[in-house]
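Coordinates in review
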Amino acid sequence: MSSTISNVLLCCALSLPLAVAQERIEAFEPHMGTMFRIVLYADDAERANHAIRAAFDRVADLDNKLSDYKPDSELNTACRVAVGRVVTISADLATVLQASQALSEATDGAFDVTVGPLIRLWRRARQTRVLPSPEALAEARRLSGYRKLRVGERTLRVEIPGMQLDLGAIAKGYAADEALRLLAGRGFPRALVAASGDLAIGDAPPGKAGWDIGVDSLNSPDKDFTRTLQLHNAGVSTSGDTEQYVEIEGVRYSHIVNPATGKGLTRRIGVTVVAAKAIDSDGLATAASVVTEQRGAAAAMALIEARGATGYITVK
Ligand code: ADP
Ligand code: MG
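Quick look at the structure, then. (Residues numbered from 1 in each chain as written. Chains lettered and ligands numbered in written order. Predicted model: local features only at pLDDT ≥ 70, side-chain atom pairs only at ≥ 80, totals over all residues. Heavy atoms only, no water.)

Scanning the protein for helices and strands turns up nine helices and 16 strands. Counting every position in the protein, which comprises 316 residues, the buried fraction comes to 50%. If you take every contact in the protein between residues at least 6 apart in sequence, the share linking residues at least 24 apart comes to 61%. Approximately 15,100 Å² of the protein is accessible, and the part contributed by carbon and sulfur atoms is 53%. (Helix = DSSP H or I, 4+ residues; strand = E, 2+ residues; numbered from the N terminus. Buried < 20%, exposed > 50% of the residue type's maximum accessible area, 1.4 Å probe, protein only. Contact = heavy atoms within 4.5 Å. Areas by Shrake-Rupley, 256 points an atom, 1.4 Å probe, with all protein chains shown as cover.)

For the magnesium ion (ligand 2), the full set of protein donor atoms is Ala169 (O), Asp282 (O), Asp282 (OD) and Thr286 (OG1), and the range of their distances to it is 2.1 to 2.5 Å. Within one chain, the residues serving as donors to the magnesium ion (ligand 2) are arranged as A-x112-D-x3-T. Of this pair, Ala169 sits in the loop between β5 (155-158) and α7 (171-185) while Asp282 sits in helix α8 (residues 278-295); the two residues are 113 residues apart in sequence, bridging distant segments of the chain. Taken as a pair, Ala169 and Asp282 share a single burial class, namely buried. (Donors = N, O, S within 2.8 Å, 3.2 Å for Na, K, Ca; no water.)

With that settled, consider the site of ligand 1. In the neighbourhood of ligand 1, 16 residues make up the surrounding shell, with Asp112, Asp166, Ser239, Val257 and Thr286 lying closest. Interatomic distance of 3.2 Å between a side-chain N/O atom of Lys172 and an oxygen atom of ligand 1. Notes on ligand 1: free accessible area 570 Å², of which the protein chains cover 90%. Across the shell around ligand 1, the residue classes break down as eight nonpolar, four polar and four charged. (Near = heavy atom within 4 Å. Polar contact = N/O pair within 3.5 Å; in protein donor to acceptor, adjacent residues only side chain to side chain. Nonpolar A, V, L, I, M, F, W, Y, C, P; charged D, E, K, R; others polar.)

Under the counting rule described, the total for this entry stands at 18 salt bridges. For the salt bridge of Glu178 with Arg181, the shortest nitrogen-to-oxygen distance reads 3.0 Å. Of this pair, Glu178 and Arg181 both sit in helix α7, three residues apart, which is roughly one turn of that helix. The class of Glu178 is buried, set by a relative accessible area of 9%. A salt bridge links Lys208 to Asp212; the shortest N-O distance between them is 2.8 Å. Taken together, the shared-partner salt bridges connect Arg58, Asp61, Lys65, Asp92, Glu178 and Arg181 into one network. (Salt bridge = Lys/Arg side-chain N within 4 Å of Asp/Glu carboxyl O.)

Here we have seven strands laid out as an open sheet, ordered β1-β2-β6-β7-β10-β15-β16, and antiparallel in their pairing. Only two strands of the sheet have a single partner each, and these edge strands are β1 (23-31) and β16 (310-315). The average undirected angle you get between the axes of adjacent strands in this sheet is 10°. Each of β7 (198-201), β10 (234-239), β15 (269-275) and β16 is contacted by α8, which is oriented at about 150° to β15, the strand it contacts most. Packed onto the sheet, helix α9 (residues 297-306) meets β15 and β16 and runs at close to 160° relative to β16. (Pairing = 2+ DSSP bridges. Axes fitted to C-alpha atoms, helices over the stretch in contact; angles between N-to-C directions.)

Right, let's get into the pairing of strand β2 (residues 34-42). For β2, the buried fraction is high: seven of the nine residues fall into the buried class. With nine bridges connecting them, β1 and β2 associate as antiparallel partners. By the bridge assignment, Ile25 is partnered in β2 with Leu40. Where β1 folds back onto β2 in an antiparallel hairpin, the turn is made up of two residues, including Met32, whose phi is positive at roughly 50°. As defined by bridge partners, β2 adjoins strand β6 (residues 191-195) across five bridges and the pair is classed as antiparallel. Across the sheet, residue Ile38 finds its bridge partner in β6, namely Val193.

On to the sheet that holds strand β4 (residues 149-151). Reading across from one edge, β3-β5-β4 is the order of the three strands in this open sheet, with antiparallel pairing throughout. Strand pairing shows two members of the sheet lacking a second neighbour, β3 (87-88) and β4, which therefore form its edges. As judged from the two bridges shared by β3 and β5, these two strands associate in the antiparallel manner. Bridge pairing in β5 places Val87 opposite Leu156.

See below:
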């Protein structure tokens, strides 16, 4: 009998360290023109902080590759040198461009990363509050079109000089995925990486079925979240015109462009997508916004579901 009791005591003593709660660690850092946030659970804070440092460094590395703002990013350099000839690109750039081109094919060009010249026109319009001229719009549209972009296994070729790629609709999702992957590889799978509206979500927090994610497609005036999802191992993205838009002559133009017209979306559309990865949710949320303006919310929902994801669409 006494040996049974001591076995029980031993067992309890051994199990004690497992009962110690993991610490929640949170960190913020600005990257890609927004604030990145990492949350993870760890029982070794020092190791966790090293992993977080490496994850942010990985995001910075991706920004150097994928940025359209940085003149010497791999993206901008490749665009200049790949005119009429095939150049080799990094695996990261190839991954993002392949995902982008697949989404362009699936949406008949509603999603299109070659809209860079149009994006720049509308960026200027947001600053000056003057509409782009019809001539400038026509020229920017001439330089756009995903079929003028050839992406191979690890190669890129652009068909005409002056093409400008813009990965603003998909790069943050990929960066969040990559940061999350790095954290898991270092032994911290219970983690979440958020890049404003794009979230890469890992294993659930200790003792929970998932991370509580508040979703509000179009911010309501009281800023309350309209629903809460409990998620793990997923990507979640929200696209909407609530933060970046310009109002000119009574019309509100979003920073998301309808490639069919060259103009910013004018309907107030909010889309949240839950997919397996944030690269997919990010691209799909933007794509579904354009499809909603072009063909309605039902067509956009069909697109999301055809790609194995879940969507929430609000049209005001
Ligand atoms: P946010 O950047 O606000 O998180 P999105 O993920 O929807 O929102 O991305 C919007 C960005 O996508 C724009 O700022 C622009 O860089 C780019 N973009 C705009 N229109 C398109 C489009 N039709 N296809 C692909 N990318 C686009
Ligand atoms: Mg997006």
